[in-house]
Amino acid sequence: MTQSRRVLVIGSGGREHAIAWKLVRDGAEVLVAPGNAGTAAIAENVPLTGDDIPALVALAQSRAIDLTVVGPEAPLVAGIVDVFTAAGLRIFGPTAKAAQLEGSKLFCKQILHRGDVPTAMFEEFRSIARAREYLLAREDVPVVVKADGLAAGKGVFVCKDRSAAVAALDTLSSDPQFATATTGILIEERLDGIEVSVMAITDGRTIITLPPLQDHKAAYDGDEGPNTGGMGAYCPTPFVGAELLTEIESRILVPTVHALRRAKVPFQGVLYAGLMLTAQGPKVLEFNARFGDPECQSLLVRLESSLLELFDAATDRRLDSVEPPVWCAGASAAVVMAAEGYPGPIEKGRPIRGLLAAAGVAGVQVFHAATRSVAGAVVSDGGRVLAVTALGDSLAKAKLQAYAGVREIRWQGAWCRKDISDKALAFEWATAADAFDPDGTPDSIATDAGGDTMLGVGQ
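If you're wondering where the values come from, they're calculated on a predicted model, not measured in any experiment. (Residues numbered from 1 in each chain as written. Predicted model: local features only at pLDDT ≥ 70, side-chain atom pairs only at ≥ 80, totals over all residues. Heavy atoms only, no water.)

Peer 1: Describe in detail the overall build of the chain, supporting the description with residues and values.
Peer 2: Each helix and strand counted, the chain has 15 helices and 24 strands in total. In summary, the chain has a C-alpha radius of gyration of 22 Å against a globular reference of 23 Å for 459 residues, a match within 12%. Principal axes of the C-alpha set define a box for the chain whose edges measure 60 × 60 × 50 Å. A buried classification covers 56% of the 459 residues belonging to the chain. Of the contacts formed within the chain by residues at least 6 apart in sequence, a portion of 67% connects residues at least 24 apart. Seen as two clouds, the 43 positive and the 55 negative side-chain charges of the chain have centres 5 Å apart. (Helix = DSSP H or I, 4+ residues; strand = E, 2+ residues; numbered from the N terminus. Rg over C-alpha atoms; globule rule 2.2 N^0.38 Å. Buried < 20%, exposed > 50% of the residue type's maximum accessible area, 1.4 Å probe, protein only. Contact = heavy atoms within 4.5 Å. Lys, Arg positive; Asp, Glu negative; His and termini not counted. Charge placed at Lys NZ, Arg CZ, Asp CG, Glu CD.)

Shown next as structure tokens:
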């Protein structure tokens, strides 16, 4: 952009750091509310949180903000877009009614039913007691238990049997973090397959589909442990080729946007489809109304064209007039470094060392997710602290560089999953078997900086 634009980004996590980072690269002057230690290094932090909507409106007016971008889901569900629009301010994101696609899993299922969008069979309940009765009366099979409302990515329980499902209901009823999320309960059939994420930017009429990704929601290696807000992601995923992506657009994204319009709830913003690739085809697990985190980090490091142009066009409902986004070749991987105890109770304020060294690793960008500055030092300020993100000519090289960055960073109790992108790499290795000559010699071999040999396959 030739003329400097002033953009307000709302949020404090790694997703918002990545958005601010890309907008700065696009030439915008960026304010972040409230931001973190990472955003403070590239933009202006403002000490306002997403739930202080009147103060954010006043800020946008007093600072002549050209566009506001909302990162997290809670302000969207609370109606920040409606309030900004009523005040004559430009803002990127869905209205409160449209954000119910994420804010209410029951509403989401209703929209999917209207659009004949493939999803899991389910039963809905308005009380935990009724849900428990249903579980005890039916066959003991694997199910998924979901709290209806927002639960910071932790309100979904994949249960292998009845006892695990009943335990999930007990957790929902006793844990205060789910108090506002249990106005309704969904019990779904458990879908088997490969889980992927496909995000799109839409103005309610036109859809621009972004490269497919894969998130890692479980806390520990091998997809063990409780669900988290996301422990890592990579882009693109080899599990979704061009033909399958076209099918996802035509069977899932487009019908969902049309169903929302028919329901008089037009959607404008980021449409995030969490999908399971089943033997019967892709099915919707959930929809989110914003960029995923850390999917956003692994996505935006690959975007070479302007993110600001996409936001502007979607906000003005002229997305059909922009050129398709340009993505760099190769792949990216984002590894989340978390605080000791996450996703349970954690301690904040632990000094972080090695950030400059990590940023010096080739291809690495460190996005702050829960940090703050104290007397010139960066300290931890939450559960998911950093997303160490790297680009590479192939997914294997992107993973290698991301973990090289991770190794440079230290704080007391820091940990991460060690297997981000491994499922995709195993798939690429299996697929690459076709590249071997009859004598068993690979057609193409690449050697990484450490001397390990890997097949030279990439997206």
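Moving on from the coordinates now.
Peer 1: Help me get a handle on the environment of Ala331, residues and values and all.
Peer 2: By the element assignment, Ala331 lies in strand 18 (residues 331–338). Along the chain, Ala331 and Lys397 lie 66 residues apart, while their C-alpha atoms are 8.3 Å from each other. Among all residues touching Ala331, those that are not within four sequence positions of it are Cys235, Pro236, Arg302, Ala390, Leu391, Gly392, Ser394, Leu395 and Ala398.

Peer 1: A description of the packing of helix 1 (residues 14–25) against helix 12 (residues 307–315) should follow, citing residues and the corresponding values.
Peer 2: Two elements in contact, helix 1 and helix 12, have axes whose closest approach is 8 Å; the angle formed by their N-to-C orientations is 100 degrees. Classified by the angle between their axes, helix 1 and helix 12 sit roughly perpendicular to one another. On helix 12, the residues that touch Ile19, Lys22 and Leu23 of helix 1 are Leu307, Leu308 and Phe311. Class assignment of the residues belonging to the contact of helix 1 with helix 12 gives a composition of five nonpolar, no polar and one charged. (Axes fitted to C-alpha atoms, helices over the stretch in contact; angles between N-to-C directions. Parallel < 35°, antiparallel > 145°, perpendicular 65-115°, else oblique. Nonpolar A, V, L, I, M, F, W, Y, C, P; charged D, E, K, R; others polar.)

Peer 1: Before we move on, could you go through the packing of aromatic side chains and cite the residues and values that matter?
Peer 2: Within the structure shown, the criterion is met by six aromatic pairs. A centroid spacing of 5.5 Å and a plane angle of 80 degrees characterise the contact between Trp21 and Phe367, whose relative ring orientation is edge-to-face. Of this pair, Trp21 sits in helix 1 while Phe367 sits in strand 19 (residues 364–368), and the two are 346 residues apart along the sequence. Note on Phe367: relative accessible area 0%, which makes it buried. Taken together, a centroid distance of 5.7 Å and an interplanar angle of 45 degrees make the contact between Tyr220 and Trp415 tilted. Pair noted here: Tyr220 is in strand 13 (residues 218–220) and Trp415 is in the loop between helix 14 (395–407) and helix 15 (422–431), with a separation of 195 residues, a long-range link. According to the relative accessible area criterion, Tyr220 is partly exposed, its value standing at 40%. (Phe/Tyr/Trp six-rings, centres within 6.5 Å; stacked < 30°, edge-to-face > 60°.)

Peer 1: Explain helix 9 (residues 162–174) to me, using residue names and the numbers behind them.
Peer 2: Given 3.6 residues to a turn, an α-helix orients residues that are three or four positions apart in the same direction. Along its 13 residues, helix 9 runs 18 Å from first to last C-alpha, staying within 8% of the 18 Å computed at 1.5 Å per residue. Within helix 9, burial applies to Ala165, Val166, Ala168, Leu169 and Leu172. Viewed along the axis of helix 9, the buried residues span an arc of 150 degrees, placing them on a single side of the element. In helix 9, the exposed residues that point more than 90 degrees away from the buried face are Ser163 and Ser174. Against helix 8 (128–137), strand 7 (143–147), strand 8 (156–159) and strand 9 (185–189) lie the buried residues of helix 9. (Expected span 1.5 Å × (residues − 1). Arc of directions from axis to C-beta.)

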